[in-house]
Amino acid sequence: MRAKIMDLSGWGRTLASPSSVYRPERQSHLRQLMALPEPFIARGGGRSYGDQAVCGGGATILTERLDRFISFDARTGLLEAEAGLTFADLYRVMAGRGWVAPVTPGTGRVTLGGALANDVHGKNHERDGSFAHHVQWFDLITPDGAIRRVSRQSDSDLFNATAGGCGLTGIITALALQMAPITHPSVNVRCLPANDLEAMLTIFHELAPLHRFSVAWIDGTAVKGKRGGGIVELADWADTPVKAPAPRSRRVPFDAPGWLLNPLVMSVFNQLYRRISTHPSPRLRPAGTFFYPLDALDDWNRLYGRRGFVQFQCVIPTARAEAALPRLLEAAGTPYLVVLKRLGDMGDGMLSFPMPGYTLALDYPWSDATAERLKQLSRITRDHDGRIYLAKDACADPADVVSMYPRLDRFRQILARIDPAGRLRSEQSRRLHLHGHTP
Amino acid sequence: MTTTTWVILGGSSAVAAAFARIAAEQGCPLVLAGRDTTHLEVSAADLGLRGAPLVRVLDFDALDFDNHGRFVSQCLENTDGPVAVFLCFGLMPEQHRMQAEFSLARTCIDTNFTAAASVLEAFAAAYEGGRKGAVVVVSSVAGDRGRAKNYLYGAAKAGLSTYAEGLRGRLFASGISVTLVKPGFLDTAMTWGLPGIKGAASPRSCAAACFKAAAAGTENLYFPWPWRWIMAILKAIPARWFKRLKI
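What counts, and where the lines are drawn
Residues numbered from 1 in each chain as written. Chains lettered and ligands numbered in written order. Predicted model: local features only at pLDDT ≥ 70, side-chain atom pairs only at ≥ 80, totals over all residues. Heavy atoms only, no water. Salt bridge = Lys/Arg side-chain N within 4 Å of Asp/Glu carboxyl O. Helix = DSSP H or I, 4+ residues; strand = E, 2+ residues; numbered from the N terminus. Buried < 20%, exposed > 50% of the residue type's maximum accessible area, 1.4 Å probe, protein only. Phe/Tyr/Trp six-rings, centres within 6.5 Å; stacked < 30°, edge-to-face > 60°. Lys NZ or Arg CZ within 6 Å of the ring centre and 35° of its normal. Pairing = 2+ DSSP bridges. Axes fitted to C-alpha atoms, helices over the stretch in contact; angles between N-to-C directions. Contact = heavy atoms within 4.5 Å. Core = buried A, V, L, I, M, F, W, Y, C linked by side-chain atoms within 4.5 Å.

Residue and element names in this part refer to chain B. Enumeration according to the criterion identifies 35 salt bridges over all chains in this entry. The residue Asp110 makes a salt bridge to Arg106 at a minimum N-O spacing of 3.9 Å. Of this pair, Asp110 and Arg106 are both found in helix α5 (residues 102-128), four residues apart, which corresponds to roughly one turn of the helix. Arg170 is paired through a salt bridge with Glu121; the nearest N and O atoms lie 3.2 Å apart. Highlighted residues: Arg170 in helix α6 (residues 151-172) and Glu121 in helix α5, separated in sequence by 49 residues. Taking the relative accessible area as the measure of exposure, Glu121 reaches 36% and is therefore partly exposed.

Structure (structure tokens):
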């Protein structure tokens, strides 16, 4: 099998590293790649924002062509599928039949394998938990070349090291996902305005528990004082069907010039968005457009131009949120996109991100000033017992991870057992010393 | 009107797999034919979920000419409706290796040309016997003119293209269309990692163009379309200059 030498980065298009990239088209070819002498990592949709799915100086294995459905039991709703299947494809095939993934990330371009490796969460975490919770088993090729079917019952340590484990336990080739039944792929959405953070948190506290899905967009360019104002979206599955728009995605065909997304433009965009998007009474919308709003514009990351962008996403426990959120927004400067969600109980994944509390995500064009700002935000997060989401991370340091992820030691023990030679490696795992030793 | 059953020859290749998905989404029954039947069984399950009412997997070895007749009978049993063929198997070994070892060149020629002719002749007999359907042959722009850098593969594909044109003439009286597709660079395992591949089109887009062309009964399709003009120019260069080109 031939490799292609490519500079790969994450969705933020920063931190590119050269890698020998393989793209197997059959499972048998993937298994052959396990004999590679150099370190390697699997890459699904490449939608992690930083360097999680790049093995610089080693091999990166693209799973995108290993994307078949294997079986579906219409009585129980259990789906078996290859790990390269995307949420978009899954939705396209199954939603019309009355089944959806119980947890879906914000873009359909993520693969099932990537979703497990990051134990992704959606807009319904309080009610439905994170992705791994709904996975009954997965097939994993471990560095020794063995293919194991891993379930909580057969090997809970390996299961929980893989869920959220950033692909470091091996290559996930297939998994069994418990799908959720729905009547129609349509949702009723209310969009409530909030003038400031306090109003927003009140809406979250009082109304979010009454709905299945909730997410808030905060105007990052709002004048001080009104900081934290925005729109809270609350949604539930609807009983009536709605006509979905013809699938037609537009693409950003080239890197935008660096001056396109600037504070003035973003401020205007934010104000317009606020004005047109508020509707307190429920409106019926196709579920696809609610779950994957940004997928209408392919390659939207190119709007940031060649410098790329980063996202800082953290979670703060409920008890500390009232103190932490204003501080974070204060230190946030002018983020281009700010999203707030509530999260519920922690999962069992050792490096799983969610904990009961609030998660804030901030997007910035990349620059040295941004790097400084992210350090500051990280400090505030640590000071309030919160943690950073590894799926979005591009700048954290090893000390951050040690303090934020109490189960890191256990994770490292499992890795030492499963991958003693450290064959699975990403730029992120190197940067954060996830293996526990400087490689 | 019964839906057309599509027989996908070379079912594990990226373009064939994409074509099978499109046909499945249109609700067509399918026959997946290839050597890696383990792989094809999973593909069959996938295609069933994507909309194919029935998917059969048949063992098909392109180089096993003696069994092609039996294979075609197997494709045609089970249904009286139209049975169409999507021929998309091929082999592109490195030119320098084929020059060093003729047995490899022979396998290349036999796979790309002889095998295709063998299986399509068997289908042709069935079509003349009254079966309805259509034929799509995936050849290559490489067959349009012999170039020093890949003439062995190119020659086999040239043979295949001419064969398809002739077959079209033969089957016209039986109402069967033969669509000849000549792709330029496609983004598949065949071209992955090769230097100098520009503008490789996705397997899905090629498969969609093939499906559309088959439905319309189109005779010839270059994909993507600029290749029609690229090859026209290449073909127009006089031989005394062409022979000097390092392409």
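To continue, consider the packing of aromatic side chains. All names here are of chain A. For the coordinates displayed, the defined rule picks out 25 aromatic pairs over all chains. Look at Phe213 and Phe291: their rings are 5.3 Å apart centre to centre, the planes differ by 70°, and that puts the pair in the edge-to-face class. Of this pair, Phe213 sits in strand β13 (residues 213-218) while Phe291 sits in helix α8 (residues 287-291); the two residues are 78 residues apart in sequence, bridging distant segments of the chain. Just as Phe213 is buried, Phe291 falls in that class too. Taken together through their ring pairs, the aromatic side chains of Trp11, Tyr49, Trp300, Tyr304, Phe309 and Tyr336 make up a single cluster. The ring centre of Tyr49 lies 5.1 Å from the NZ or CZ of Lys392, which sits over that ring.

With that settled, consider the pairing of strand β19 (residues 337-343) of chain A. It is a general feature of regular strands that their side chains alternate between the two faces of the sheet. Residue and element names in this part refer to chain A. Of all the seven residues making up β19, five are buried; the element is thus mostly covered by neighbouring parts of the structure. By the bridge criterion, seven bridges tie β19 to strand β20 (residues 357-365) in an arrangement that is antiparallel. Across the sheet, Leu337 pairs through a bridge with Asp363, a residue of β20.

Next up on the list: the sheet that holds strand β5 (residues 69-73) of chain A. Strand order across the open sheet formed by five strands is β5-β6-β10-β8-β9 (chain A), with antiparallel pairing between neighbours. Two strands lie at the open edges of the sheet, namely β5 and β9 (147-151) of chain A, each paired on one side alone. Averaged over all pairs of adjacent strands, the angle between their axes in this sheet comes to 15°, without regard to strand direction. As paired elements, β5(A) and strand β6 (residues 78-82) of chain A share four bridges and run antiparallel to each other. By the bridge assignment, Ser71(A) is partnered in β6(A) with Glu80(A). Taken strand by strand, helix α2 (residues 87-94) of chain A contacts β5, β6 and β10 (171-178) of chain A, and its axis lies near 45° from that of β5(A). Those strands touched by helix α2 (residues 37-50) of chain B are β5 and β6 of chain A, and its axis lies near 55° from that of β5(A).

Moving on: the nonpolar core. Core analysis: the biggest nonpolar cluster contains 119 residues, and Leu90(A), Leu116(A), Phe131(A), Phe138(A), Leu325(A), Leu340(A) and Leu360(A) have the highest contact counts within it. With residues near it in sequence (within four places) discarded, Phe138(A) still touches Leu116(A), Arg148(A), Arg149(A), Val150(A), Leu158(A), Phe159(A), Thr162(A), Ile172(A), Ala174(A) and Leu175(A). Ala20(B), Ala52(B), Phe86(B) and Ala209(B) belong to the second largest nonpolar core, which has 37 residues in total.

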